[in-house]
Amino acid sequence: MEESGKKDCRALLNQGEENELEVFGYQTQNLRRVLCFATSVLTIGVLPLVFYWKPAWKVWANCTPCSLQEADTLLLRTTDEFQRYMRKKVFCLHLSTLKLPVSKNSEKPLVADRHSVINQAIIKPELKLRCIQVQKIRYVWDYLEKQFRKVGLLEDSNSCYDIHHTFGLGLTSEEQEVRRLVCGPNAIEVEIQPIWKLLVKQVLNPFYVFQAFTLTLWLSQGYVEYSLAIIILTTISIVLSVYDLRQQSVKLHNLVEDHNKVQVTIIVKDKGLQELESRLLVPGDILILSGKIALPCDAILIDGSCVVNEGMLTGESIPVTKTPLPHKENTMPWKSHSLEDYRKHVLFCGTEVIQVKPSGRGPVRAVVLQTGYNTAKGDLVRSILYPRPLNFKLYSDAFKFMVFLACLGVIGFFYALGVYMYHEVPPRDTATMALILLTVTVPPVLPAALTIGMVYAQRRLKKKKIFCISPQRINMCGQINLVCFDKTGTLTEDGLDLWGTVPTAGNWFQAVHSFASGKAVPWGPLCAAMASCHSLILLDGTIQGDPLDLKMFEGTAWKIEDSSTDSCKFGMSDSNTIITPGPNASQSPVSAITVLRQFPFSSSLQRMSVVAQLAGDRHYQVYMKGAPEMVARFCRSETVPKNFPQELRNYTVQGFRVIALAHKTLRMETLSDVGHLEREKVESELIFLGLLIMENRLKKETKPVLKELSEANIRTVMITGDNLQTAITVAKNSEMIPPGSQVIIVEANGPEDLMPASVTWQLVETQRPGAGKMETYINIGNNSAADGKGYHFAMSGKSYQVLYQHFYSLLPKILVNGTIFARMSPGQKSSLIEEFQKLNYYVGMCGDGANDCGALKMAHAGISLSEQEASVASPFTSKTADIECVPHLLREGRAALVSSFGVFKYLTMYGIIQFVGTSLLYWQLQLFGNYQYLLQDVAITLMVCLTMSSTHAYPKLAPYRPAGQLLSPPLLLSIFLNSCFTSIVQVCAFLYVKQQPWYCEVYKHSECLLANQSNFSTNVNLEKSWTGNATMVPGSVLSFESTTLWPIITFNCVTVAFIFSKGKPFRKPIYTNYVFSLLLTSAAGLTIFILFSDFQNIYRGMEFIPTLTSWRVSIFVAALTLFCVAFFVEDGILQNRELWLLIKREFGFYSKSQYRIWQRKLAEDSAWPPTNRTDYAGDGKNRFYINKGYESPEQVPKGKFKLGGHSSEQHFWTRL
């Protein structure tokens, strides 16, 4: 019973999704609210401030746990490693407010959709719903399922039949009103945050609150100048932040505002067509598409087809053809009605319809699927509004350091209390002095200083045409040790050049038709396939579409006719594409080809096909093109040439892009039958036509960049949708796989019949025969790949998916040496990057935006080479479309990371140095003078923080990364040893000055100073200058101790600023940062000048006491010694990488990164890597297991590639 109660109090929201949340139910208690209010008044607003920072505490203080059904307040917690809390109030929607009559009959559903959560959420007869709004998404309480469920979308459980028959005629006016109230407006509204609200959010940051407290305290003690400097700097920082946030808010608002004002036409049941504003659309409405329109919602196409520009989503402005959802009688969910990609039926919000093609049964119709923030564009905007927090060690370590400094301040606070209470100083003065020591350790300039490094790096990146929308990730780039590259358009040229075609006849490949001759492809089925099997469209007289399709079509010299003017001539519907021979085309007996039906290409299917009709022919033709291995699967085995694998390999190993083509004749009676054809029926029993060979050249920047990354010990990996052999060749040509390295192809197959899942390891060997032509074959001998050379694994997306599902324990072993991943779908790309991250790699991803959006978002640093709007999904965008941006970014990231560490170390040491000096003076109830503090704080610290990070990145990538953790032995030792050095020197100086014969306690006995005036080599008249100042009050300044300690502390600040400004190998030498070098030199020179000057005004202003020249020389020597010792220890020991590596080896310290652990294990395994063998799932010896929790997001057809009985049988027995 108790367990059931606990279960009722807690649930999961968005289970299994990226934004999964835990929900806890609470009920507000009035007595608790009164107590909290009283405490807030008594603490003068401190409690509300704490509740603002910790919303969970507010809920726990005001409410008691209860079941979710009774809750009026919900506490939500993210299920990621950050465990962030947010508080939401439950509100009610009342259907009784609707103008239209709503049935209170509990038996009669309010909406026709039997799957809709709305029917299960309405309480009758009250007609109300309980709702919450979380990150712009609305959820309603489902009384049947006892959980909060999302509204604003059609349920995934709807079948194709449901969508056509439940929504095909439109919704009634009553149902529209109900849905509008429950789902909210179809609008992606980004509020332009008021400036006052942004200001309040910035000012209420915990650090700024502490800073305000510190500055108030300092101002009350008359420390005006530095306080004003910090106030000005902080104000500028806050104003810039607010301005930046406001600008982003305005840009995002303007980006989405037009989406909310689109006029659309819908069908209302029993009323016909109605025009309305898009914000009034609801899920289930029937949208009429009559021409060009920016889609205001996600919708499922149910009648007709259309061409859309999905540049906003994919990053490529390539027209995409959408086809209607088929009529099917089964009850399967519509997304899984077949093995095809469901996205080809969905029109996404934010994309643009550029052409509509009615089916002949009426206008193009689509059912509204999702509205508002549930849409594709809404999801993109939400990811910008609510970005995933960065899990970077630097930021968590920085917080721990802040806590340490605060604890040090607390120790100082109690030390000051003890000293001042012992001397019976009045309580008010005691509290003030104790609080001053508390604030000394945490420098108020810290947040601005840490940000400034990223600002400098961002500015330098901008000069190199690399733009950043997430500056926090710049530091993360300094830790990147693995970079994944897309191939086409990234490593290789975007455009393809036609090389030739290899037709087939009689089960054999024929002579190659080369395009170098300038002649078009001769007429035949292959030419017809190239002319018709594409998704090209004619838009404003220009042929547009995929670059590959364009090149292929150009090779035929045919042309696309304007359907609106020429359709009548050929007796076809104007929605069909008509293709005719051009003036340069080969002689053809066919005057035109009409494309009647299209099954679009998708990355997961790796093929496309069309149903066409040749002019004068009453039969229909099917043409298919796609990946050769995939096309061969759908062809009759006797039509596929026996030497197909060898011929394919012959071209792919030379780096050619190979496309296969096939066709068959359909014997159908009427044109209407074509519209009801299923893809499975069309794509079967085809006749193999031949291969289209295209050149895909490496970009000239590719090889040098990959070499630079390799020399920097940064792993490079290729993730592509292209053929595996082509990818291997490109990897070898670009030297991603170094010469002499072995390649092992990992081929995994899922379980079939009685055979368990298997993984086969095939060693690829390369040799160059006499003619110099490269050939690749599979070695079936027993030699090992290890032979003292490196080895690289290569696999396809299908194999990766099988490994993920059936051999998950094997996956890390493969990934630590996996270099080529071919035929990867977008989902598999994201999954692979996530698996690399689980091995503790810091992963960069560079892609051209097409199919890479998910991977770019998943990586630690995603770099998009696309200038499209989709690059908003990527933290970095390069306006130069080559991979030279990668080393630029890594260099700047490393420089920014080292700068952040340097600034952090400096400010930590600065706080400790001042803390030690101030604590020593507190011992005798004294303090440094305002101008003494001012010179250190403004002339040195403030200027150092503003200029230290402006040192440029070193032009060459070092073969190792900078430290990524603040809590690392070298850094902790650096802070500890420098703290010891400064403490020793300051304590010794403090004690030694008391031993001097001319010393006296000035703050007690001012006359002793006047009596010894003749001893000092100075012409300063002390009688008038100082006697009036020497009073026995807390915080008095004048003393030999402060005169001695101040120069030592100031020199020490300059020292640590210099030794922490590390140059080579990650930044240019310190002298190249002219402003910083000048500032340090000036600060050191000014300190020496003040130390040795004998000017009365300087002594009076700085509140110093003149001392013997010999003593001043001693102070300078002590400071110089401290500099030499600190510099030697920092540069010669703590920054000596070879020494640390030696210590690690001697004491057996090894990296705890998962990939390092695997590398060590595999290096000791003599049986690894396996070659020329097959392993099976469930084999106890190999300790493989099936990942039963796996559910494939993108299924691959189970059909196997069969070339003929003999070949398949031989392969099977080889595996056994």
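Note that this is a predicted model, so its numbers are computed, not measured. (Residues numbered from 1 in each chain as written. Predicted model: local features only at pLDDT ≥ 70, side-chain atom pairs only at ≥ 80, totals over all residues. Heavy atoms only, no water.)

Bringing the packing of helix 30 (residues 885–922) against helix 31 (residues 930–947) into the picture now. Put simply, helix 30 and helix 31 touch, their axes get as near as 11 Å, and they point 170° apart. Taken as axis vectors, helix 30 and helix 31 run roughly antiparallel relative to one another. Contact with helix 30, carried on its side by Tyr906, Leu907, Tyr910, Gln914 and Thr918, involves Tyr933, Gln936, Asp937, Ile940, Thr941, Val944 and Cys945 of helix 31 and no other residues of that element. Its residues assigned to classes, the contact of helix 30 with helix 31 comprises seven nonpolar, four polar and one charged. (Axes fitted to C-alpha atoms, helices over the stretch in contact; angles between N-to-C directions. Helix = DSSP H or I, 4+ residues; strand = E, 2+ residues; numbered from the N terminus. Parallel < 35°, antiparallel > 145°, perpendicular 65-115°, else oblique. Contact = heavy atoms within 4.5 Å. Nonpolar A, V, L, I, M, F, W, Y, C, P; charged D, E, K, R; others polar.)

For the structure on display, the rule yields 28 salt bridges. Between Asp549 and Lys625 there is a salt bridge whose closest N-O contact spans 2.9 Å. Of this pair, Asp549 sits in helix 18 (residues 547–554) while Lys625 sits in strand 31 (residues 620–626), placing them 76 residues apart in sequence. Accessibility classification places Asp549 together with Lys625 in one group, the buried group. One salt bridge connects Glu1130 with Lys905, and the closest N-O pair in it is separated by 3.0 Å. On the criterion of sequence distance, the pair formed by Glu1130 in helix 38 (residues 1109–1134) and Lys905 in helix 30 is long-range, its members being 225 residues apart. As far as burial versus exposure is concerned, Glu1130 and Lys905 are alike and both buried. Three or more residues are tied together by salt bridges with common partners; here these are Arg10, Glu22 and Arg77. (Salt bridge = Lys/Arg side-chain N within 4 Å of Asp/Glu carboxyl O. Buried < 20%, exposed > 50% of the residue type's maximum accessible area, 1.4 Å probe, protein only.)

Another aspect to go through is a nonpolar patch on the surface. Among the surface-exposed residues, Leu219, Val224, Leu228, Ile231, Ile232, Ile236 and Leu240 lie close enough to one another that they form a single nonpolar patch of about 570 Å² accessible area. Sorting elements by how many residues they give to the nonpolar patch places helix 10 (residues 224–257) first, with six residues. Considering the arrangement of structural elements, one finds Ile236 in helix 10. The exposure class of Ile236 is partly exposed, given its relative accessible area of 45%. (Patch = residues over 30% accessible without salt bridge, like charges linked within 9 Å, V, L, I, M, F, W, Y side chains within 5 Å. Areas by Shrake-Rupley, 256 points an atom, 1.4 Å probe, with all protein chains shown as cover.)

Among the surface-exposed residues, Arg33, Lys58, Arg87 and Lys89 lie close enough to one another that they form a single positively charged patch. Topologically, Arg87 is positioned in strand 5 (residues 85–89). Residue Arg87 is classed as partly exposed on the basis of its relative accessible area of 34%. (Lys, Arg positive; Asp, Glu negative; His and termini not counted. Charge placed at Lys NZ, Arg CZ, Asp CG, Glu CD.)

Attention now moves to the state of the cysteines. With the rule as written, the count across this model stands at zero disulfides. Unpaired in terms of disulfides, Cys468 finds its nearest cysteine sulfur in Cys477, a separation of 7.7 Å. Unpaired in terms of disulfides, Cys846 finds its nearest cysteine sulfur in Cys885, a separation of 4.6 Å. (Disulfide = S-S within 2.5 Å.)

Our next topic: the side chain of Gln621. Assignment of secondary structure puts Gln621 in strand 31. For Gln621, the side chain forms a polar contact with the side chain of Thr665, separated by 3.2 Å. (Polar contact = N/O pair within 3.5 Å; in protein donor to acceptor, adjacent residues only side chain to side chain.)

The next subject is the packing of aromatic side chains. In total, this model carries 30 aromatic pairs according to the counting rule given. Note that Arg1137 overlies the ring of Tyr960, its terminal NZ or CZ placed 3.9 Å from the centroid. The positively charged end of Lys1161 is found above the aromatic ring belonging to Trp1158, 4.8 Å away from the centroid. (Phe/Tyr/Trp six-rings, centres within 6.5 Å; stacked < 30°, edge-to-face > 60°. Lys NZ or Arg CZ within 6 Å of the ring centre and 35° of its normal.)

Let's shift gears to the sheet that holds strand 13 (residues 293–294). Strand order in the open sheet formed by four strands is 13-18-15-16, with antiparallel pairing between adjacent strands. Each edge of the open sheet carries a strand with a single partner, namely strand 13 and strand 16 (319–322). Across two bridges, the pairing between strand 13 and strand 18 (residues 352–357) is antiparallel. What sits directly across from Ile293, in strand 18, is Val353. (Pairing = 2+ DSSP bridges.)

On to the nonpolar core. Judged by nonpolar contacts, the single largest core of 97 residues is most densely connected at Tyr906, Leu907, Tyr922, Val944 and Leu1045. The biggest single contributor to this core is helix 30, with 15 residues. Discounting chain neighbours no more than four positions away, the residues touching Leu1045 are Gly917, Leu920, Leu921, Phe928, Gln986, Ala989 and Phe990. (Core = buried A, V, L, I, M, F, W, Y, C linked by side-chain atoms within 4.5 Å.)

Strand order across the open sheet formed by six strands is 11-10-12-19-14-17, with antiparallel pairing between neighbours. Lying at the two open borders of the sheet, with one neighbouring strand each, are strand 11 (272–277) and strand 17 (346–347). Note: strand 10 (residues 263–268) against strand 12 (residues 286–289), three bridges, orientation antiparallel. Across the sheet, Ile266 pairs through a bridge with Leu287, a residue of strand 12.

Taken residue by residue, the protein chain gives an average pLDDT of 79. The fraction at 70 or more is 86%. pLDDT under 50 marks residues 565–573. Its contacts with residues more than four places away, or in other chains, come to 14 contacts. Contacts for the low-pLDDT stretch residues 1180–1216, under 50 throughout, to residues beyond four places or in other chains number 64 contacts. (pLDDT = per-residue confidence, 0-100.)

With an omega of 15°, the peptide bond running from Lys1064 to Pro1065 counts as cis. For Pro1065, the position within the fold is in the loop between helix 35 (1040–1059) and helix 36 (1074–1092). For the bond from Trp1168 to Pro1169, the omega torsion is 5°, close enough to zero to count as cis. Mapped onto the fold, Pro1169 is located in the loop between helix 40 (1154–1163) and strand 43 (1173–1176). In this model, Ile44 sits at a positive phi of 55°, which is unusual for a non-glycine residue. Structurally, Ile44 is set in the loop between helix 2 (30–42) and helix 3 (46–53). Given a relative accessible area of 78%, Ile44 falls into the exposed group. The backbone of Lys465 shows a phi angle near 65°, a positive value even though the residue is not glycine. Examined against the element boundaries, Lys465 turns out to sit in the loop between helix 15 (446–463) and strand 20 (466–468).

Take the side chain of Ser116 next. If you trace the backbone, Ser116 turns up in the loop between strand 6 (91–94) and helix 5 (117–121). Only 3.2 Å separates the side chain of Ser116 from the backbone nitrogen of Ile118, close enough to count as a polar contact. Residues in contact with Ser116, not counting those within four places in the same chain, are Val111, Glu155 and Arg179.

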